[in-house]
Amino acid sequence: MSERLVVVGGTVLTGPDWRPGPRDLLVEDGVIAAVGAPGAFDGADAARHVASGRLVIPGLVNAHTHAHTLPVRGVARDWTLEVSLLHGAWMGAARPAELAELCAVLAGAESLASGCTGVFDLVSQTGGPDVAGLHAVARGYERVGVRALVAPMVADRPVHDAVPAIGACCGAGPSGLAGAEIVRRCREYVTTFPALRLARPALAPTILAHCTPELASGLGALAAEHGLRLHTHLAESKPQALAGADRFGRSITRELARLGLLGERLTAAHGIWLDDADRELLAAAGAVVVTVPGSNLRLGSGIADTRALLAAGVRLAIGTDGANSADALDALDAARLAALLSRTGTHPPTDWLTVEEALDAATTGGATACGWSDTAGQPPTGRIAPGHAADLAFLDLGSRAFTPANDLANQLLTAARAADVTDVMVAGRLAYRDREVSTVDLAAATARFRDLVAEWHERHRPAREQAAAQARAASAALATLRAAPWPTDRLLGGGQPGPPP
Ligand SMILES: [Zn+2]
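Residues numbered from 1 in each chain as written. Predicted model: local features only at pLDDT ≥ 70, side-chain atom pairs only at ≥ 80, totals over all residues. Heavy atoms only, no water.

**Digging into helix 9 (residues 238-248)**
An α-helix turns once per 3.6 residues; consequently, residues spaced three or four apart project the same way.
Part 1: Across the 11 residues that make up helix 9, a large majority, nine, are buried.
Part 2: Within helix 9, burial applies to Lys238, Pro239, Gln240, Ala241, Leu242, Ala243, Gly244, Ala245 and Phe248.
Part 3: Contacts made by the buried residues of helix 9 are with helix 1 (81-86), helix 5 (159-162), helix 6 (164-170), helix 10 (252-258) and helix 18 (461-483).
Part 4: Looking at the residues trailing helix 9, positive phi occurs at Gly249, about 75 degrees. (Buried < 20%, exposed > 50% of the residue type's maximum accessible area, 1.4 Å probe, protein only. Helix = DSSP H or I, 4+ residues; strand = E, 2+ residues; numbered from the N terminus. Contact = heavy atoms within 4.5 Å.)

**Considerations on unusual backbone geometry**
Part 1: The residue after Gly15, namely Pro16, is reached through a cis peptide bond having omega 5 degrees.
Part 2: Checked against the element boundaries, Pro16 lands in the loop between strand 1 (4-12) and strand 2 (21-28).
Part 3: In this structure, His270 is a non-glycine residue whose phi angle is positive, near 80 degrees.
Part 4: Locating His270 in the fold gives a position in strand 12 (residues 266-270).
Part 5: For Asp434, which is not glycine, the phi dihedral falls at a positive 50 degrees.
Part 6: Among the structural elements, Asp434 can be located in the loop between strand 17 (429-433) and strand 18 (436-437).
Part 7: Taking relative accessible area as the criterion, Asp434 reaches 57% and is therefore assigned exposed.

**Side note on the sheet that holds strand 14 (residues 315-318)**
Part 1: Spatial ordering of the open sheet is given by 11-12-13-14, a layout of four strands whose pairing is parallel. Strands with a single pairing partner mark the edges of an open sheet, and in this sheet they are strand 11 (230-234) and strand 14. For this sheet the average axis-to-axis angle between neighbouring strands, irrespective of direction, equals 30 degrees.
Part 2: As paired strands, strand 13 (residues 288-291) and strand 14 are joined by four bridges and run parallel to one another. (Pairing = 2+ DSSP bridges. Axes fitted to C-alpha atoms, helices over the stretch in contact; angles between N-to-C directions.)

**Some details on the coordination of the zinc ion**
Part 1: Within the first shell, the zinc ion binds the protein through His64 (NE2), His66 (NE2), His233 (NE2) and Asp321 (OD), at distances of 2.1 to 2.7 Å.
Part 2: In this structure, the zinc ion is surrounded by four donor atoms whose angles at the metal cover 77 to 168 degrees, and the resulting shape is irregular.
Part 3: Of note, the donors binding the zinc ion are all from one chain and are spaced H-x1-H-x166-H-x87-D. Side by side, His64 and His66 carry an identical accessibility label, which is buried. (Donors = N, O, S within 2.8 Å, 3.2 Å for Na, K, Ca; no water. Tetrahedral: all angles 85-135°; square planar, octahedral: opposite > 155°, others 65-115°.)

**Some points on the environment of His388**
Part 1: Looking at the element boundaries, His388 is found in the loop between helix 15 (355-369) and strand 15 (392-396).
Part 2: Taking the C-alpha atoms as reference points, His388 and Ala283, separated by 105 residues in sequence, lie 25 Å from one another.

**Details of the domain arrangement of the protein chain**
In many reports, interface size means the accessible area that the parts give up when they come together.
Part 1: Under the domain assignment used here, the protein chain contains domain 1 (4-58 + 384-437) and domain 2 (60-369).
Part 2: For domain 1 and domain 2, the distance between their C-alpha centroids amounts to 30 Å.
Part 3: Each partner contributes residues to the interface: domain 1 has 27 residues there, and domain 2 has 24 residues.
Part 4: At the boundary of domain 1 with domain 2, total buried surface from both sides reaches about 2,100 Å², with 68% on carbon and sulfur atoms.
Part 5: Ranking the residues of domain 1 by area buried against domain 2 places Trp18, Leu413 and Val426 at the top, with a combined share of 31%. (Domains from an automatic or database assignment. Buried area = accessible area lost by both parts, 1.4 Å probe.)

**With respect to the packing of aromatic side chains**
Part 1: Counting across every chain of the model gives two aromatic pairs.
Part 2: The interplanar angle of 40 degrees and the centroid separation of 6.0 Å between the aromatic rings of Trp90 and Trp456 together place this pair among those described as tilted. Placement of Trp90 in helix 2 (residues 88-91) and of Trp456 in helix 17 (residues 442-459) is noted, with a sequence separation of 366 residues between them.
Part 3: Look at Trp456 and you get buried, because its relative accessible area is 0%. (Phe/Tyr/Trp six-rings, centres within 6.5 Å; stacked < 30°, edge-to-face > 60°.)

**A few points about the layout of surface pockets**
Part 1: Of the volumes computed, that of the largest pocket is approximately 1,000 Å³.
Part 2: Listed by contribution, the elements that provide at least two residues to the lining of the largest pocket are helix 1, helix 2, strand 7 (116-124), strand 8 (147-154), helix 5 and helix 18.
Part 3: Looking at the lining of the largest pocket residue by residue, the classes come out as 21 nonpolar, 24 polar and four charged. (1 Å grid on protein atoms, 1.4 Å probe; cavity = no way out; pocket = protein on both sides within 12 Å on 5 of 7 lines; lining within 4 Å. Points joined across faces, edges and corners; volume = space filled by probe spheres on them. Nonpolar A, V, L, I, M, F, W, Y, C, P; charged D, E, K, R; others polar.)

**A word on empty space enclosed by the protein**
Part 1: Taken as a whole and assessed by the stated rule, the structure comprises four cavities of 30 Å³ or more.
Part 2: Looking at the largest cavity, its volume works out to about 70 Å³.
Part 3: Along the walls of the largest cavity sit Thr291, Pro293, Asn296, Gly302, Ile303, Ala304, Thr306, Ala338, Leu341 and Ser342, which together make up its complete lining.
Part 4: Residue assignment for the lining of the largest cavity shows that the elements contributing at least two residues are helix 12 (293-298) and helix 14 (331-341).

**Quick look at the pairing of strand 11**
Part 1: A large share of strand 11 lies buried, amounting to five of its five residues.
Part 2: Covered by surrounding structure in strand 11 are Leu230, Thr232 and Leu234 together with His231 and His233, the residues of both alternating faces.
Part 3: Summarising the sheet, strand 11 and strand 12 pair through five bridges and their orientation is parallel. Residue pairing across strands places Leu234 opposite His270, the latter belonging to strand 12.

In structure tokens form, the structure reads like this:
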């Protein structure tokens, strides 16, 4: 017996045209079976979800986040990416599986509240991949009812080595597991992944310069063997771009291509310090770039040229990053920031991201980044159309954001806020109802999270203090890198572009 539901009375707004209209939906077993005129399914033997006064949109996808950083929200004030990486060892420090799971539960709950139905989560675990902890993260998303790709975010080189200027100030970084052992653990993670309705595994060589070629290639082979997505941080900061060019003798993107990692399976986050040739390679490979505008501003990393990416033919998605640099896991806000930041620089208004492009990136773009548009046996997400998963967000058309209702798509992107989201459905099941998470006891989960995080902070205080000392020691060298000439300038007002490396 199939699970049937009709969604009635709503104003549906979806790509590709993003033109609103009154539509009813018939949902069967979590999949949109039909879209019809109001009343079209009135005779159906099905449960009813009344959406009168609601704007019904495809759920947003947060294509780059890190639930494991939830315990460190607000800790960073003036950190750049490199300082954040120096603090990475304690931010990813060991924790009980219960805390790992609660991080995902709370990150999932926060995601739902901004109309987000799916996330790509990269989990860093100091000491190397811990399979039980990774499975706990997947279970956390499953419990709260959010679709998730969960990837161990791994490295076998510390930032002291990846950015030699840091090593010169701070000495050698901590040595971790060898690449082969990391790949072995990732294989165990993937092959023992529990059977879950909404969560699936992926792999994340975190930053290419932090991975030996053996580790990067080993993960590429494992991903190919199991048909998994690969996710990496690409050309996020100027020091990374400089160090990458020094180490590889070519851009990071060209090194990804040389290692055979650049392909349709690759999702690359940030993509700020890219040149035309990089963008052409990414486009030709069919890779997805996730722009992460809030985090890029927060860490002073620069501004991604989303227009140049789209013009080159690169597929674009949007992410928030983790709570350490996001700082709110607000997918709606990330979409708005991505649209607004395309207006900086000298691009004329005709080059700015259109409303439709931004909303596509936040929905179908995210689905592509997560492989939810092409996974055999799984309905695609990101559109309200027959055959697509019933991943839906409902917004209050009576709110100030939509009053008066002049251009609902534009108002969704520019005026709407998370508080306007009333309900969220993932795979046909309501996970957020009347602005409350309906799948878990959020108050109890939050109370337990607070207790466990307090203990965890206490235990890792010495490592945190050591990281802060190293950040102070490296600050002048990092400032020099930030000011170094570079062919592309993505720091607005950051000086003249320099000659090619
Ligand atoms: Zn990240």
